[in-house]
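# Descriptive structure summary
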Amino acid sequence: VYALYESDINRNLIRLLKNGHRDVTFNFTSDILNNEGTTPVAMSATANGNLVVLSNLWNGFSWMIHINEFYETGELNLNFGNGGIYTKSILDNTDDNFGQYLHTSPNGEIVVVAKVNDFSVSTSDEKIAILKLSEEGKTLSSDLYANRCFKLDCSAMQDDYLLLAYSGTTENEIDQATYLAGLTSEKMESQNVHCLSTDGDYETIDHIEVKKSAVYISQLKINAEALYLVRKYGTMLLML
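The sections below set out a description of the structure shown in this document. Predicted, not measured: the structure shown is a model, and the values here were computed from it.

What counts, and at which threshold
- Residues numbered from 1 in each chain as written.
- Predicted model: local features only at pLDDT ≥ 70, side-chain atom pairs only at ≥ 80, totals over all residues.
- Heavy atoms only, no water.
- Helix = DSSP H or I, 4+ residues; strand = E, 2+ residues; numbered from the N terminus.
- Buried < 20%, exposed > 50% of the residue type's maximum accessible area, 1.4 Å probe, protein only.
- Areas by Shrake-Rupley, 256 points an atom, 1.4 Å probe, with all protein chains shown as cover.
- Core = buried A, V, L, I, M, F, W, Y, C linked by side-chain atoms within 4.5 Å.
- Pairing = 2+ DSSP bridges.
- Axes fitted to C-alpha atoms, helices over the stretch in contact; angles between N-to-C directions.
- Phe/Tyr/Trp six-rings, centres within 6.5 Å; stacked < 30°, edge-to-face > 60°.
- Contact = heavy atoms within 4.5 Å.
- Salt bridge = Lys/Arg side-chain N within 4 Å of Asp/Glu carboxyl O.

This brings us to the overall build of the protein. A tally of regular secondary structure across the protein gives 0 helices and 17 strands. The buried share of the protein, reckoned over its 240 residues, is 47%. With the model as given, the accessible surface of the protein reaches about 12600 Å², and the carbon-plus-sulfur share is 49%.

In structure tokens:
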């Protein structure tokens, strides 16, 4: 188990053994995350045991995607990206990029799901973007999921298949709706959308759990009472 925590405004990354004790063989000494302009938000282990950490980086003008990879020992992988650092504005412009979720696939690809805001137009509207990297930290694809505003709820990844949950108005721009989309890693621009709820039944999805035989999603039904609805779907959902 990897844990990223903040103590006395200093960020640190540790690894825990199965019994909950700290793994002293994981010697994380890098100060690359300990920067007031860097906000770590997610991490995922690769197939070869390395650890990839997603952060949001303030470059002085806007927020960018910032990714590092660390070896099993805790040492920074200097061969990843540019000297151990990968930074990018997903649309290659000055929009603010807020990375939300990081997934790694068995074939070594790294997938980032992010929010993109153009604050010169609106302070609240956001678009969902997907960034895909190679295991060496090179850009494979970088684009908006859809060129309209949605609220990103959550995501999950199984092998090379990405499940994306989001909410927003329907095409008639009146009803609120909750969507679940399935995308293969090979073609991130394609989208198979299943509308789970709309209008009066509208509920955001706060978590997705993917198992070999089923997909589980949880939705908050009554906020005041913290009442959740958990749904189970068969693996056919992965072939929407």
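Of all hydrophobic cores here, the largest spans 17 residues; its most connected members are Leu54, Ile65, Ile67, Leu102, Val112, Leu131 and Leu133. Put simply, the parts of the chain that give this core at least two residues each are strand E4 (51–58), strand E5 (63–70), strand E8 (110–117) and strand E9 (127–133). Sorting elements by how many residues they give to this core places E8 first, with 4 residues. Listed in part, the 16 residues of the second largest apolar core include Val111, Met157, Tyr166 and Leu183.

Spatially, the 4 strands line up as an open sheet ordered E3-E4-E5-E6, and their pairing is antiparallel. With partners counted over all chains shown, the strands left at the sheet margins are strand E3 (38–45) and strand E6 (86–88), one partner each. Recorded for the sheet is a direction-independent mean angle of 20° between the axes of neighbouring strands. Sheet topology places E4 next to E5; 8 bridges connect them, and they run antiparallel.

The next point concerns the packing of aromatic side chains. Inspection of every chain in the model, using the stated rule, returns 9 aromatic pairs. With a centroid separation of 5.5 Å and 70° between ring planes, the pair formed by tyrosine 2 and phenylalanine 26 is classed as edge-to-face. Here the residue tyrosine 2 occupies a position in strand E1 (residues 2–7), and phenylalanine 26 occupies one in the loop between strand E2 (10–15) and E3, the gap between them amounting to 24 residues. Each residue in the set Tyr2, Phe26, Phe28 and Phe70 is aromatic and connected to the rest through ring pairs, giving one cluster.

Another aspect to go through is the environment of leucine 33. As for its placement among the helices and strands, leucine 33 is situated in the loop between E2 and E3. As a C-alpha pair, leucine 33 and asparagine 68 span 35 residues in sequence and 8.9 Å in three-dimensional space. The residues touching leucine 33, leaving out its near neighbours within four places in the chain, are Leu4, Arg11, Phe28, Thr38, Pro40, Val53, Ser55, Asn68 and Phe70.

In this section: the pattern of salt bridges. Once the charged atoms of two side chains with opposite charge are near each other, the side chains can pair. A full pass over the atoms with the stated rule returns 6 salt bridges. A salt bridge links arginine 15 to aspartate 23; the shortest N-O distance between them is 3.0 Å. The exposure class assigned to arginine 15 is buried, which follows from its relative accessible area of 13%. By relative accessible area, which is 11% here, aspartate 23 ends up buried. Residue glutamate 209 is joined to lysine 211 by a salt bridge in which the shortest nitrogen-to-oxygen separation is 3.5 Å. In this structure glutamate 209 comes out as partly exposed when scored by relative accessible area, which is 33%.

This brings us to the sheet that holds strand E13 (residues 176–184). Ordered by their spatial adjacency, 4 strands build an open sheet running E11-E12-E13-E14, and the pairing between neighbours is antiparallel. A single partner strand is all that each edge strand has here, and the edge strands are strand E11 (151–158) and strand E14 (192–198). Taking each pair of neighbouring strands and ignoring which way they run, the sheet shows an average axis angle of 20°. Pairing between strand E12 (residues 161–169) and E13: 9 bridges, direction antiparallel. If you follow tyrosine 161 over to E13, its bridge partner there is threonine 184.

The backbone phi angle of aspartate 92 is positive, close to 55°, even though this residue is not glycine. Residue aspartate 92 is classed as exposed on the basis of its relative accessible area of 63%. In this structure, aspartate 159 is a non-glycine residue whose phi angle is positive, near 55°. Looking at the secondary structure, you find aspartate 159 in the loop between E11 and E12.

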